[in-house]
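Structural characterization, general
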Amino acid sequence: YFQRFLFVSSYSGALTLGWFEGMHLRYGGSEYADLDASLLSAQLRLLIFSQLAVSIGIAGIALAVPVSADHSFVLVACAMASVLLNLRGLPVVLLQATYRAREFARLVVVERGAYVVLLIIALMLSSRDYRVMVGCALVALLIGAGAALRSIGDVVRHPPTRLSTGWREVWLNVVAGLPLLISNVASMLMIGVMRLVIERRWGIAAFGGVSLLLSLAGLAVA
């Protein structure tokens, strides 16, 4: 079930409909100081509201659909993770697009380091419940999102532009980034569909084992 959580949450970027990909394409190569802080501030607020609304809808469906308690827990956790991942995504895109590589690397170290420390503490307490591992991942994502927002603190504190102007900028980013998002999701589905077939045919335990092996293989190749 922990592998199911990682698998489903990896598709959370699709909920932005190419928003971040469009920002990377349109803002790439710019100086951070030259970007319109009020426009970015409006996009950040629109992102928060839109992702909260979508995640609440997903969590509500997960609780309403008659599935097992484990599946409901995973789906609700994925809904929470999607908010944190996409909230972190906007600052990360800005750091990458404006070549602030050192700050981006620091964010990765902070988030992954927090996750490792939390997992070690859980193991020291002799906890083997996958729910604890999911909780550790969510707390690490929360820390990562907080650190990411801190890295663009001037945008967070800056007064946003008008809502209509912010939505227009979001639309331009979505139009630019949607084709790239579709290609990325399609490439992920090449492996993802196979995982779902394995779970359907041989159960959640086989799904978890294969997912772990694929993750280790990807780590070895990287």
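A word on the overall build of the chain. On a plain count of helices and strands, the chain comes out with 9 helices and 0 strands. Its C-alpha atoms give the chain a radius of gyration of 18 Å, within 12% of the compact-globule value 17 Å for 222 residues. Across its three principal directions, the C-alpha atoms of the chain cover 50 × 35 × 35 Å. Across the 222 residues that make up the chain, the buried fraction comes to 40%. Considering only contacts within the chain whose residues lie at least 6 apart along the sequence, 83% involve residues at least 24 apart. Surface accessibility of the chain: about 12,200 Å² in total, with carbon and sulfur atoms responsible for 71%. The centroid of the 17 positive side-chain charges in the chain is displaced by 5 Å from the centroid of its 11 negative side-chain charges.

Take the nonpolar core next. Among the nonpolar cores identified, the biggest contains 17 residues, and Trp19, Phe20, Met23, Tyr27, Leu40, Leu90 and Leu94 are the most heavily contacted of them. Put simply, the parts of the chain that give this core at least two residues each are α2 (19-27), α3 (37-64), α4 (69-97) and α8 (163-202). If we ignore the near neighbours within four places in the chain, the residues touching leucine 90 are Phe20, Met23, Gln43, Leu44, Leu47 and Ile152. Among the nonpolar cores identified, the runner-up in size contains 13 residues, and Phe5, Ala77, Tyr130 and Val134 belong to it.

As a further point, take the packing of aromatic side chains. Enumeration over the complete set of coordinates arrives at 5 aromatic pairs. Considering the side-chain rings of phenylalanine 7 and tyrosine 11, the 5.4 Å spacing of their centres and the 75° angle between planes classify their relative orientation as edge-to-face. You can call phenylalanine 7 buried: its relative accessible area is 8%. Three or more aromatic residues link up through ring pairs in this structure, and these residues are Tyr1, Phe73 and Tyr130. Here arginine 100 stacks its cationic end above the ring of tyrosine 32, 4.2 Å away from the centre of that ring. Positioned above the aromatic ring of phenylalanine 73, the side-chain terminus of arginine 131 is 5.7 Å from the ring centre.

Mapped onto the elements, glutamate 199 comes out in helix α8. Its relative accessible area of 14% is what places glutamate 199 among the buried residues. Counting along the chain gives 47 residues from glutamate 199 to isoleucine 152, while the straight-line C-alpha distance between them is 41 Å.

Cut-offs applied
Residues numbered from 1 in each chain as written. Predicted model: local features only at pLDDT ≥ 70, side-chain atom pairs only at ≥ 80, totals over all residues. Heavy atoms only, no water. Helix = DSSP H or I, 4+ residues; strand = E, 2+ residues; numbered from the N terminus. Rg over C-alpha atoms; globule rule 2.2 N^0.38 Å. Buried < 20%, exposed > 50% of the residue type's maximum accessible area, 1.4 Å probe, protein only. Contact = heavy atoms within 4.5 Å. Areas by Shrake-Rupley, 256 points an atom, 1.4 Å probe, with all protein chains shown as cover. Lys, Arg positive; Asp, Glu negative; His and termini not counted. Charge placed at Lys NZ, Arg CZ, Asp CG, Glu CD. Core = buried A, V, L, I, M, F, W, Y, C linked by side-chain atoms within 4.5 Å. Phe/Tyr/Trp six-rings, centres within 6.5 Å; stacked < 30°, edge-to-face > 60°. Lys NZ or Arg CZ within 6 Å of the ring centre and 35° of its normal.

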